[in-house]
Amino acid sequence: LVSRLGAVLSSQGDIARAREVLQWNHDSARAGFGDDARETLDTGHHLADALILDGDYAAARTLLDRLLALAPGGEAGIDAALRLDSARLASKQHELDRAIADADEGMRQMRRLGDDIALERALDEYGNVRLAIGDVTGAIAAWKEALALRERRFGAAHIQVAASHAALSRAYRRDGRLDEAERHIRAALAIDAAVLPAEHWRRANHLNALTMVQYARRDFRAALGSATESLRIHRALFGDGDHPEIANDIN
C-alpha cells in the first residue's frame, strides 16, 4: 500500500515526498523481511524509480546494483523490472553497453511472462535504450506497440497514452519526420490539459519535447515560449536547486 502511495505522489509531481515515503518503505522492508525478500526487492524497485525521477542517479545506481545482486534470476517479474530500471538509468548516464544488455534481458523476461501491463513499461524502457544507441526504427516499433497496448487498455485520453505519444514524438523528430513528431507531442499535451494540473512534471517534459520540434522547424519564437513554460513548471516543482530537468530547460 505504501508503494502505491509513492506511485500516486510521483504521478502528482511530488517527487520529494514520494522519495521520502518510498525510502521509509524500503528501509522497513529490509528490517522486517531481510535484504533478499520479495517485499524488499519490490519496494527497492519503486524507490529506484523515484530516485531516477529526482535526478539522483548515483543513489539509484547504488541501490539497483545491490538489488540486482540479490534478485533471484528465476523470479522473472521482479528481476525483469529491476533490469529495466537499470537500463533506463544506464541510458541516462550514457552507459550504453550496460543499457543494451539490461534492456535486452529485461525484455526477454517480460515477453516470457505474458503480462501486457508489465510489457507496456518494458517497451517504454526498451524504446529509450534503442533511441539512445541510434536505433530509431527499433525505438519507433517498441513505442508503437506500447501505444497500441495502452489505447486498448485505457482508451485515447490517459496519461500513459500521452507518455507513448511523447516517446514517439522524440523518435520521429530524431528521424527528421517533423510532422509526425509534432502530431504526437500535441496529442500528448492535449491529454495533459484534460487530466493533469497545470504544474505537473509530465506536462513540463512534453513542453520540452514540443520545444525541440519547434526548434527543428526554426520556429524560434514558439520554441522559446514552450521552453520558458517548461522551465517555470520545473522551478515550481523542484525549486532553484541542481536538478537535471532545470538544467535542460535553461540550456
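Participant: How would you summarise the side chain of E125 if you had to cite specific residues and measurements?
Facilitator: Tracing the sequence through the fold places E125 in helix 7 (residues 116-132). Residue classification places E125 among the buried positions, given a relative accessible area of 5%. Apart from the residues lying within four places of it in its own chain, the contact partners of E125 are L84 and R88.

Participant: Got a sec to walk through the pattern of salt bridges? Specific residues and values, please.
Facilitator: The tally for this structure, following the rule as stated, stands at 27 salt bridges. Among the ionic pairs, R108 bridges to E105, the shortest N-O distance being 2.6 Å. Of the two residues, R108 and E105 both sit in helix 6 (residues 96-113), 3 residues apart, roughly one turn of that helix. Judged by its relative accessible area of 44%, R108 falls in the partly exposed class. Between R232 and E229 there is a salt bridge, with the nearest N and O atoms lying 2.9 Å from each other. Here the residue R232 and the residue E229 both occupy positions in helix 12 (residues 220-238), the gap between them amounting to 3 residues, near one helical turn. For R232, a relative accessible area of 36% corresponds to the partly exposed category. Taken together, the salt bridges that share partners define one network made up of R61, D65, D79, R83, R98 and D102.

Participant: Outline the packing of helix 2 (residues 15-33) against helix 3 (residues 38-53), listing residues and values.
Facilitator: Between helix 2 and helix 3, whose axes approach to 9 Å, the crossing angle comes to 160°. In terms of their interaxial angle, helix 2 and helix 3 are classed as roughly antiparallel. The two elements helix 2 and helix 3 meet at a crossing, and its hand is left-handed. The segment helix 2 lies against helix 3, with I15, R19, L22, Q23, N25, H26, A29, R30 and F33 engaging E39, T40, T43, G44, H46, L47, A50, L51 and L53. Its residues assigned to classes, the contact of helix 2 with helix 3 shows 8 nonpolar, 7 polar and 3 charged.

Participant: If you had to explain helix 8 (residues 136-154) to someone new, which residues and values would you point to?
Facilitator: In a regular helix each residue adds 1.5 Å, so 19 residues correspond to 27 Å; helix 8 covers 26 Å between its end C-alpha atoms and thus fits that length. Considered for burial, the residues of helix 8 that qualify are V136, G138, A139, I140, A142, W143, A146, L147, L149 and R150. One or two positions beyond helix 8, positive phi appears at G155, with a value near 90°.

Participant: So what about unusual backbone geometry? Which residues, and what values?
Facilitator: Backbone geometry places H94, a non-glycine residue, at a positive phi of 60°. Position of H94 relative to the elements: it lies in the loop between helix 5 (76-92) and helix 6. Judged by relative accessible area, H94 falls into the exposed class, the value being 66%. Of note, R218 is a non-glycine position whose phi angle comes to about 65°, a positive value. Counting through the fold element by element, R218 comes out in the loop between helix 11 (201-216) and helix 12.

Participant: Describe the environment of R173, with residues and values.
Facilitator: Locating R173 in the fold gives a position in helix 9 (residues 159-174). Distance from R173 to L210, taken between C-alpha atoms, is 10.0 Å for residues 37 residues apart in sequence. Other than its neighbours up to four places away in sequence, R173 contacts L178, A181, M212 and V213.

Participant: Tell me about helix 3, and please be specific about residues and values.
Facilitator: Working note: α-helix, 3.6 residues per turn, so residues spaced by three or four point in the same direction. For helix 3, built from 16 residues, the straight-helix expectation of 22 Å at 1.5 Å per residue is met to within 8% by its first-to-last C-alpha distance of 23 Å. By the burial criterion, the buried members of helix 3 are T40, L41, T43, G44, H45, L47, A48, A50, L51, I52 and L53. Positive phi shows up at G55, right after helix 3, with a value of about 80°.

Conventions used here
Residues numbered from 1 in each chain as written. Predicted model: local features only at pLDDT ≥ 70, side-chain atom pairs only at ≥ 80, totals over all residues. Heavy atoms only, no water. Helix = DSSP H or I, 4+ residues; strand = E, 2+ residues; numbered from the N terminus. Buried < 20%, exposed > 50% of the residue type's maximum accessible area, 1.4 Å probe, protein only. Contact = heavy atoms within 4.5 Å. Salt bridge = Lys/Arg side-chain N within 4 Å of Asp/Glu carboxyl O. Axes fitted to C-alpha atoms, helices over the stretch in contact; angles between N-to-C directions. Parallel < 35°, antiparallel > 145°, perpendicular 65-115°, else oblique. Left-handed = near helix turned anticlockwise from the far one by under 90°. Nonpolar A, V, L, I, M, F, W, Y, C, P; charged D, E, K, R; others polar. Expected span 1.5 Å × (residues − 1).

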